[in-house]
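Summary of the model geometry
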Amino acid sequence: MSGIDAPEHSVAVFAHDEADAIAGCLAALQAAGLGPTDPIFVLINGTTDATPDIVAGFAAKDPRIRPVVIALGDKANAWSYYVHRLAPPTARLHLFVDGDVRVSAGAVPAIEAALAGHPEALAAATLPQGGRTAPRWAERILRDHGMPGNFYALRGETLSRIRTLSVSMPVGLIGDDPLLRWLLLHDFTPNGPVDRSLIRPVPEAHFSYQSIPMTGLSGLRALVARQLRYQMRDLQMNLLIRHLKVFGLGAMPRRIDSLYDAATPMLALRGQFKLRKLAFLYTYLKARGPQPRIKSGSAWYEA
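For the structure given in this document, a descriptive report is provided here. Computed from a prediction, not measured in an experiment: that's the story for all the values here. (Residues numbered from 1 in each chain as written. Predicted model: local features only at pLDDT ≥ 70, side-chain atom pairs only at ≥ 80, totals over all residues. Heavy atoms only, no water.)

Remarks on the overall build of the protein chain
Per the secondary structure count, the protein chain includes 11 helices and 8 strands. The buried share of the protein chain, reckoned over its 303 residues, is 52%. On the protein chain, roughly 14300 Å² of surface is accessible, and the fraction owed to carbon and sulfur atoms is 55%. (Helix = DSSP H or I, 4+ residues; strand = E, 2+ residues; numbered from the N terminus. Buried < 20%, exposed > 50% of the residue type's maximum accessible area, 1.4 Å probe, protein only. Areas by Shrake-Rupley, 256 points an atom, 1.4 Å probe, with all protein chains shown as cover.)

Written as structure tokens, this is what we have:
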């Protein structure tokens, strides 16, 4: 097997209404150190803007870029679709990138070098740059072996293991990174010990992003919306971890809202960021209220 059928690396870019940022994201990836036949799958999920047209323009000039239109606007679903349907099984490294960030030049060889020096690691994490909270965020990643969903990498063997275990992200889960980090640090054994060496932070690899502007009312609204989203993410993770510890990895739900009947106000209060605790009642009521209907195909995800 040779050429495009046997790439060294593979990239999954998550793009939902990213018309303003996707061009910068793809241009940065072209300078990240990928090989000439390494595919870049752009998972255009539930988009309503010009993202498909912009990606198509890049694909016309660079055959590595492959637009993949997914009807359902859900990152967790798009992650599962890439892992189980698109990811080349021969790739030694799989990179996961948000469509609104720019990865640093030379990030790919830096990640490869870090993983080569730490064969025990299942995945690699990169560091943020450019935002107001980036320095403190980077410190936490290095200290706690965090893994931001904005840009991270899985070894080919790790992705193959995920496929073998039939691990998929529940539809509706907010953020692939908290769940994946938890699974990696526990070596895919929900009741096993934590081993921080299984995620390797790579200080030489970065992603840049733009902070929410705080110069007007729109910025304040966006900040509040983000904190409410983070509060819901905390609640989802609490419910999901409790579920997996009791029933095992094979009981991963297809939809996160199937666990909402177990939500309580006290669960919504959990979380390290105290400002989010002010929103616990909103989070609890939203989790226990009517959920939006998600149309599912025969494989429960859509493409």
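Regarding the packing of aromatic side chains
Evaluated as defined, the whole model comprises 8 aromatic pairs. Aromatic pair phenylalanine 14 and phenylalanine 96: ring centres 6.4 Å apart, planes at 15°, arrangement stacked. Of the two residues, phenylalanine 14 sits in strand 1 (residues 9-15) while phenylalanine 96 sits in strand 4 (residues 93-98), which places them 82 residues apart along the sequence. Of the two residues examined, phenylalanine 14 and phenylalanine 96, each falls in the buried class. Every member of this aromatic cluster is reached through a ring pair, and the members are Phe14, Phe41, Trp79, Tyr82, Phe96 and Tyr152. Residue placement shows arginine 233 over the ring face of tyrosine 230; its charged tip is 4.6 Å from the ring centre. (Phe/Tyr/Trp six-rings, centres within 6.5 Å; stacked < 30°, edge-to-face > 60°. Lys NZ or Arg CZ within 6 Å of the ring centre and 35° of its normal.)

Digging into the sheet that holds strand 2 (residues 40-45)
Taking strand neighbours across the sheet as the criterion, the 8 strands line up as 3-2-1-4-7-6-8-5 in an open arrangement whose pairing is mixed. Because the sheet does not close on itself, it has two edges, and the strands there are strand 3 (65-70) and strand 5 (102-103). Pairing geometry for strand 4 and strand 7 (residues 151-155), over 5 bridges, is antiparallel. Paired with phenylalanine 96 across the strands is tyrosine 152, a residue of strand 7. Running at roughly 35° to strand 7, helix 7 (residues 176-185) makes contact with strand 6 (123-129), strand 7 and strand 8 (199-208) of the sheet. (Pairing = 2+ DSSP bridges. Contact = heavy atoms within 4.5 Å. Axes fitted to C-alpha atoms, helices over the stretch in contact; angles between N-to-C directions.)

Structural notes on the layout of surface pockets
Roughly 160 Å³ of internal volume is contained in the second largest pocket. Elements supplying a minimum of two residues to the lining of the second largest pocket: helix 4 (107-117) and helix 6 (156-164). Of the residues that constitute the lining of the second largest pocket, the class distribution is 5 nonpolar, 1 polar and 4 charged. (1 Å grid on protein atoms, 1.4 Å probe; cavity = no way out; pocket = protein on both sides within 12 Å on 5 of 7 lines; lining within 4 Å. Points joined across faces, edges and corners; volume = space filled by probe spheres on them. Nonpolar A, V, L, I, M, F, W, Y, C, P; charged D, E, K, R; others polar.)

Here we look at helix 6
Considered for burial, the residues of helix 6 that qualify are Gly156, Thr158, Leu159 and Ile162. Along the axis of helix 6, the buried positions cluster into a sector of 160°, meaning they face one direction only. For helix 6, the exposed residues lying more than 90 degrees away from the buried face are Glu157 and Thr164. Buried residues in helix 6 make contact with helix 3 (75-86), strand 4, strand 7 and helix 7. (Arc of directions from axis to C-beta.)

A look at the nonpolar core
As a rule of thumb, nonpolar side chains are buried together in soluble globular proteins. Residues Leu43, Trp79, Tyr82, Phe96, Leu179, Leu180 and Leu184 are the most contacted members of the largest nonpolar core, which totals 54 residues. Not counting the four nearest positions on each side in its chain, leucine 184 is found in contact with Leu122, Ala123, Met147, Leu154, Thr158, Leu198 and Ile199. (Core = buried A, V, L, I, M, F, W, Y, C linked by side-chain atoms within 4.5 Å.)

Thoughts on unusual backbone geometry
Its identity is not glycine, yet histidine 145 carries a phi of approximately 55°, on the positive side. Looking at the secondary structure, you find histidine 145 in the loop between helix 5 (134-144) and strand 7. With a phi angle near 55°, serine 166 is a residue other than glycine that sits in the positive phi range. Within the secondary structure, serine 166 sits in the loop between helix 6 and helix 7.

Points about the pairing of strand 3
Within a regular beta strand, the side chains point alternately toward one face of the sheet and then the other, so they alternate between its two faces. Across 6 bridges, strand 2 lies against strand 3 in parallel orientation. Bridge pairing in strand 3 links isoleucine 40 to isoleucine 65.

Quick word on helix 2 (residues 51-61)
By the burial criterion, the buried members of helix 2 are Thr51, Val55 and Phe58. Along the axis of helix 2, the buried residues cluster in a sector spanning 60°; they form a single face. Across helix 2 from its buried face, at more than 90 degrees, point the exposed residues Asp53, Ala60 and Lys61. Turning to helix 2, the residues buried within the fold contact strand 1, helix 1 (22-29), strand 2 and strand 3.

Considering the side chain of threonine 51
With respect to the element layout, threonine 51 can be found in helix 2. With relative accessibility at 0%, the residue threonine 51 sits in the buried group. What threonine 51 contacts, discounting residues up to four positions off in sequence, is Ala15, Asp17, Glu18, Ala19, Ile22 and Ile44.

A short note on the environment of glutamine 236
Tracing the backbone through its elements, the reader meets glutamine 236 in helix 8 (residues 217-247). Relative accessible area serves as the criterion here: at 2%, glutamine 236 is assigned to the buried category. Distance in space between the C-alpha atoms of glutamine 236 and aspartate 257 is 8.4 Å, their sequence separation being 21 residues. Separated by 2.8 Å, the side chains of glutamine 236 and tyrosine 260 make a polar contact. (Polar contact = N/O pair within 3.5 Å; in protein donor to acceptor, adjacent residues only side chain to side chain.)

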